[in-house]
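Survey of secondary and tertiary structure
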Amino acid sequence: MVTLDAGPDSFEPSFPRSAGVARHGGHRRPPPEAAVVGCIYSDLMRSLTMSEASTRAASIRVMSYDVQLDLTQADERFGSSCVIEFASLDGQDTFVDIKPAVLHHVQLNGQQQEVESLLDGRLHLAGLQGDNTLVVEAAMAYSHDGEGLHRSVDPEDGLTYLYGMSFLPAAPRIFACFDQPDLKAPYRISVKAPTDWVVLGNAHATQTAPGNWELAVSQPLATYFTTVVAGPYHSVTTSHDGIALGLHCRQSLAPHLDKDAEEMFTVTRQCFDEYHRLFGIRYPFGDYHQVFVPEFNAGAMENPGCVTFRDELIFKAQATSALRTSRANVIAHEMAHQWFGNLVTMRWWDDLWLNESFAEYMAYRVTTDVTGFDDAWVEFALSRKAWGMAADQRMSTHPIAGNGASDAEQALSSFDGISYTKGASALRQLNSYLGDEAFLAGVVDHLQRNSYGNATLADLLDSWQRHSDKDVTAWADAWLRTSGIDTLSVAAPPAGEPVIERHNGSPHHVSRPHAITVSSYGADGSGEATPLVLSGSATPVSLTSYDGSGLVLPDSGDESWVKVRLDPATLDRVPEALRSIDDAVSRAVLWGSLREGLRDGELAPRRYLEILGAALPAEDDLAIDAVLNGAVSYVGTFLPHLSAAEHLASVASAILHVSQPGSNRQLVAARALIKLTADHDLLRKWRDGESPAGLVADEDLHWRLTSALCAAGQLGVDDIAVEMQRDPSSQGALRALECRASLPDAATKAEVWQAIVSDASLSNYSLYALADNFFRPDQLELTAEYVPRYFDELPRGAALRTGWVVERVAHFAYPRYTVNHEAVLLAEECLAHSQLDPGTRHSISDNLDDLRRSLVIRERFLDRADRSA
């Protein structure tokens, strides 16, 4: 699975605002009292603990699932019948997981069971035999939060689309199951659907009669990546190396999928060939469908044979080169999961990082090596890595492995940038430590030994140890079982060798080995690079061309997980170095050093902006996109609003004016300028059709301009209504909500706030659109009354919503632009309540860390009069 917290504008139009509809097919969520008739309804499921999972795994073995879904019953519910064959190994009682709207019938070994025994999503099973057959029939509720069986109606054409998202802990919202990753079993799934629908799933689907679909018996699957996709999807198919390939999307997106289908198929073919070469194990799950679905919370989900992606990856608007690189990387990431995660699955959620770190590392490696998007590692250094580095410096930081998740809900709240980007960087380090041959041999050994089963970190380490004489366990203890980021600096005497100093950033006081490249650059950008292994606190480096006056850059290849601290003399050389160094990765390391210096309160915001203005216009498009948009996201927090926005707008304008018409650079600069400029006349001029030559005036550009003018109070609700008439698409509906939430109008703010905190009928994307645009850095006085209300009212959202939505809304709606000590106290008081949902706690805690950093920056570098600017 890919999550997309890597930075602003990860995918168009922005994460995760544009897709889906405002309400779940126009229907409100059925109230609890509607679910009667023979069952005890509970809207909550008790989170499975690791101890409970271990006990159940030792007690039973699941032999097979036979699932029948009836998708023709109504708009709010579907029929679910599940027959589970399982063996009892000890005769002890157990339980099956299910979250029905109505539980109709339960039968165990031919004996009718009391449906009233359903409590907290668990159905108690007693009197087990050696071999058991459990039959559960229920009516299940369609979801509108991106979990379970999600139902969405496209407002553009009124067509209905469904997809299953079973990831932790949503499978019981679709069918009865033993919902834990180490109880894998084959599935036979049949679906009754409207006759004009297409049905896809984890195995080859065949229509046996109009509206009746049978999926072939699957390979053993974990519940969390079992899926069904159904609806009038548009499809493009081909094959490669004996594998049937499909791309699918909503009908309204069909022209946009068709124009990019060959690009995506090419990436898929290239990745299959490379993974087959690297692993020596063929793709094991038959067909390979990639389905682009509406209102998807993650970037993508690796369901075997039927990967689901958020449909913003089908680009309706102009797509920057960075977005195309990111899409190729997501495709490669989900393909890597077919081996690491699907063929071999972690035993418990505590090892979920194994899936994601491995897929992250392999995706960047394979995308760079064999596709046309060979700048993927540059994108990682510029953008993706920042997400994990921020996470690793917060109170919620945790080791890559063994994060102590005692239950499934806690595991999900610790699923962050550390699990992805730090894990990927650690695997790069392990590859350097073992050598590529031993590294891959260990991976293949692990896959072969545990195919179609489950494994732990210890199993993987044993496989690497079998193929290397290095101490893998010691490496793992230093890298995987500790948190924090080491910092590297350079002690460069006028004569003699420079010394690379390592400052321990881990609370565990470990000495991590770092295999890095150190480069020395002269004033003209010419350089010399040498490999170096850091094992102590100070390591001299031999650079024959170093004369005491050049720039020495540790980890110039971005091969490790470190911050690079620049001394004042080096900092003075950075603007020229950024303009003269040819290597894009080395420049990305310098930009990352500046970013971390700003966040740490070591680099003054004014100095950061000066360097950005001096060096960024000379950068390549990928760096301009990442650095400029990253800086835009800091406006109002790490960068004080008014002065920073004005400075960045001038940089974007300068880049725009020298860009070739119709170029990627022009598009990046124009989009940034729209976010930043206070020149409302310019925005109106562009919106009225007088945009720069070459800049395509598509729907996306028009909505961006409309949103900026709404936030500035230059347009109002009537203008938004006109725009919705002009653009009736699902993207238009979400853009309209963004505009409405950003209006500087007290009555509108009150309506939007009420919707965020109390409207259970809103879809996940509708909530995100409202929450992410409510607080703005230029509306502090208008929204001041909602800051304390956030800490009082948002935590109650866990009673209305579940899973991803609770955490995401808590994050997007956080009043991050209110940077004062009162806001710190409010957050601290809120966190002191033990009743907080884990996801809400995680979001508030992380935003509080950023708030404290913003306060340090303002108190250290700004005049008193400017601190509230």
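The shown structure was predicted, so the numbers you read here are calculated from the model rather than taken from an experiment.

Details of the overall build of the protein chain
A count of helices and strands for the protein chain gives 26 helices and 29 strands. A compact globule built from 869 residues should have a C-alpha radius of gyration of about 29 Å, and the protein chain, at 27 Å, falls within 12% of that. For the protein chain, the spread of C-alpha atoms along the three principal axes comes to 85 × 70 × 55 Å. Considering only contacts in the protein chain between residues 6 or more positions apart, those separated by 24 or more positions represent 73%. Summed over all atoms, the accessible surface of the protein chain reaches about 29,600 Å², with 51% contributed by carbon and sulfur. Each charge sign in the protein chain was given a centre, from 70 positive and 116 negative side chains, and these centres are 2 Å apart.

Thoughts on helix H21 (residues 746-758)
The end-to-end C-alpha distance of H21 is 18 Å, a good match for the 18 Å that 13 residues give at a rise of 1.5 Å each. Within H21, burial applies to Thr748, Lys749, Val752, Trp753, Ala755, Ile756 and Val757. Residues of H21 that are buried make contact with helix H19 (717-726), helix H20 (730-742), helix H22 (764-771), helix H23 (786-793) and helix H24 (803-812).

Observations concerning the sheet that holds strand S19 (residues 300-301)
Strand pairing in a sheet relies on backbone hydrogen bonds. The paired strands run either parallel or antiparallel. Taking strand neighbours across the sheet as the criterion, the 5 strands line up as S16-S17-S18-S20-S19 in an open arrangement whose pairing is mixed. A strand with exactly one partner marks an edge of an open sheet, and here the two such strands are strand S16 (234-240) and S19. Alignment of S16 against strand S17 (residues 243-249), held across 7 bridges, turns out to be antiparallel. Within the sheet, the bridge partner assigned to His234 lies in S17 and is Cys249.

Describing the sheet that holds strand S14 (residues 212-215)
Ordered by their spatial adjacency, 8 strands build an open sheet running S5-S4-S8-S2-S1-S11-S14-S13, and the pairing between neighbours is mixed. Bordering the open sheet on either side are strand S5 (111-112) and strand S13 (205-209), each of which pairs with just one other strand. The pairing of strand S4 (residues 102-108) with S5 spans 2 bridges and is classified as antiparallel. Looking across to S5, one finds that Gln107 is bridged to Gln112. Packed on one face of the sheet, helix H1 (residues 50-59) meets strand S1 (60-70) and strand S2 (77-88) and runs near 100° to S1.

Things to note about the packing of aromatic side chains
Counted according to the given criterion, the structure contains 43 aromatic pairs. Look at Phe167 and Trp349: their rings are 5.6 Å apart centre to centre, the planes differ by 75°, and that puts the pair in the edge-to-face class. Of this pair, Phe167 sits in the loop between strand S10 (160-165) and strand S11 (187-192) while Trp349 is found in the loop between strand S21 (344-346) and helix H4 (352-370), placing the two residues 182 residues apart along the sequence. Note on accessibility: Phe167 and Trp349 belong to one class, buried. Ring geometry for Tyr275 versus Trp339: centroids 5.5 Å apart, planes at 45°, classification tilted.

Observations regarding the side chain of Asp97
Its location among the elements puts Asp97 in strand S3 (residues 94-97). Separated by 2.9 Å, the side chains of Asp97 and Arg56 make a polar contact. A distance of 2.9 Å separates the side chain of Asp97 from the backbone nitrogen of Asp179, its partner in a polar contact. Discounting residues that sit within four places of it in the chain, Asp97 has contacts with Met45, Arg56, Gly121, Arg122, Pro172, Phe175, Ala176, Cys177, Phe178 and Asp179.

Structural notes on the confidence of the model for the protein chain
Taken residue by residue, the protein chain gives an average pLDDT of 91. The fraction at 70 or more is 94%. For residues 5-42, every residue scores under 50 in pLDDT, and the model assigns this stretch 134 contacts once sequence neighbours within four places are set aside.

Focus: the environment of Val510
Tracing the sequence through the fold places Val510 in the loop between strand S24 (499-503) and strand S25 (514-521). Of the residues examined, Val510 reaches a relative accessible area of 19% and is grouped as buried. Residues Val510 and Ser483, spaced 27 residues apart in sequence, show a C-alpha to C-alpha distance of 9.9 Å. Residues in contact with Val510, not counting those within four places in the same chain, are Ala478, Thr482, Arg502 and Asn504.

Topic: the pattern of salt bridges
Counted by the stated rule, this structure contains 52 salt bridges. Residue Asp436 is joined to Arg365 by a salt bridge in which the shortest nitrogen-to-oxygen separation is 2.8 Å. Linking Asp436 in helix H8 (residues 436-449) with Arg365 in helix H4, this pair joins segments that are 71 residues apart in sequence. Assessed through its relative accessible area of 12%, Arg365 is described here as buried. Note that Asp621 is salt-bridged to Arg665, the shortest N-O span being 2.9 Å. In this pair, Asp621 is assigned in helix H14 (residues 621-634) and Arg665 in helix H16 (residues 664-676), connecting sequence segments 44 residues apart. Accessibility expressed as a relative area gives 22% for Asp621, which makes it partly exposed.

Description of the state of the cysteines
Per the counting criterion, the structure on display carries 0 disulfides. Unpaired in terms of disulfides, Cys249 finds its nearest cysteine sulfur in Cys306, a separation of 14 Å. According to the relative accessible area criterion, Cys306 is buried, its value standing at 0%.

A word on the packing of H14 against H16
Remark: H14 packs on H16, axes separated minimally by 9 Å, with the N-to-C direction vectors making an angle of 5°. Viewed along their axes, H14 and H16 adopt a mutual orientation that is roughly parallel. The residues of H16 that touch H14, namely those facing Asp621, Ile624, Asp625, Leu628, Asn629 and Val632, are Asn664, Arg665, Val668, Ala672, Lys675 and Leu676. Taken together, the residues that form the contact of H14 with H16 break down as 6 nonpolar, 2 polar and 4 charged.

Structural notes on the nonpolar core
Within the largest apolar cluster, 196 residues are counted, with the highest numbers of intra-cluster contacts made by Tyr65, Leu71, Phe167, Phe178, Tyr275, Trp349 and Trp464. Core analysis: the second largest hydrophobic core is formed by 71 residues, Leu598, Leu609, Trp703 and Ile857 among them.

Some thoughts on the side chain of His446
Positionally, His446 belongs in helix H8. If near-sequence neighbours (up to four positions away) are discounted, His446 is found in contact with Phe340, Val344, Ala455, Thr456, Asp459, Leu460 and Ser463.

So, unusual backbone geometry
Omega for the bond connecting Leu168 with Pro169 falls within 30 degrees of zero, at -10°, which places this linkage in the cis form. Its location among the elements puts Pro169 in the loop between S10 and S11. In this structure, Asp241 is a non-glycine residue whose phi angle is positive, near 55°. Of note, Asp241 is situated in the loop between S16 and S17.

What counts, and at which threshold
- Sequence order as written defines the numbering, with residues in each chain counted from 1.
- Reporting in this predicted model follows two pLDDT cut-offs: at least 70 for local features of residues, and 80 or more for side-chain atom pairs to be given and counted; totals over whole chains, interfaces and linings ignore these cut-offs and use all residues.
- Only hydrogens and water are set aside when side-chain values are computed; all heavy atoms of the structure are taken into account.
- In this text, helices come from DSSP runs of H or I with a minimum length of four residues, and strands from runs of E with a minimum of two, each type numbered from the N-terminal end.
- Our radius of gyration looks at C-alpha atoms and nothing else; its globule reference is 2.2 Å times the residue count to the power 0.38.
- Here, two residues are considered to be in contact whenever any of their heavy atoms come within 4.5 Å of each other.
- Each accessible area is a Shrake-Rupley estimate made with a 1.4 Å probe; only the visible protein chains count as cover when residues are assessed.
- The sign given to each residue is positive for Lys and Arg and negative for Asp and Glu; His and the chain ends receive no count.
- By convention, charge coordinates are those of NZ in Lys, CZ in Arg, CG in Asp, or CD in Glu.
- Under the convention used throughout, the expected extent of a helix is 1.5 Å for every residue step, that is, one less than its residue count.
- The buried label applies to any residue whose accessible area, calculated with a 1.4 Å probe on protein chains only, is under 20% of its type's maximum; exposed applies above 50%, and partly exposed to all values in between.
- Any two strands between which DSSP finds at least two bridges are classified as paired.
- All axes here are fitted lines through C-alpha atoms, helices being fitted over the stretch that makes contact, and every angle between N-to-C directions spans 0 to 180 degrees.
- Any two of the Phe, Tyr and Trp rings considered here, Trp counted by its six-membered ring, make a pair once their centres fall within 6.5 Å; the pair's planes then place it as stacked at under 30 degrees, edge-to-face at over 60, or tilted in between.
- Polar contact is the term for a pair of N or O atoms within 3.5 Å; when the atoms are in protein, one must be able to donate a hydrogen and the other to accept it, and sequence-neighboring residues count only if both atoms are side-chain atoms.
- Per residue, pLDDT captures the predictor's confidence, and it can take any value from 0 to 100.
- Every case where a carboxyl oxygen of Asp or Glu lies within 4 Å of a side-chain nitrogen of Lys or Arg is listed as a salt bridge.
- Disulfide assignment relies on a single distance test, namely cysteine sulfur atoms paired within 2.5 Å.
- Oblique is the label for any angle not covered by the other classes, which are roughly parallel (under 35 degrees), roughly antiparallel (over 145) and roughly perpendicular (65 to 115).
- Each residue gets one label: Ala, Val, Leu, Ile, Met, Phe, Trp, Tyr, Cys and Pro are nonpolar, Asp, Glu, Lys and Arg are charged, and the others, such as Gly, are polar.
- To form a nonpolar core, buried Ala, Val, Leu, Ile, Met, Phe, Trp, Tyr and Cys residues must be joined to one another through side-chain atoms within 4.5 Å.

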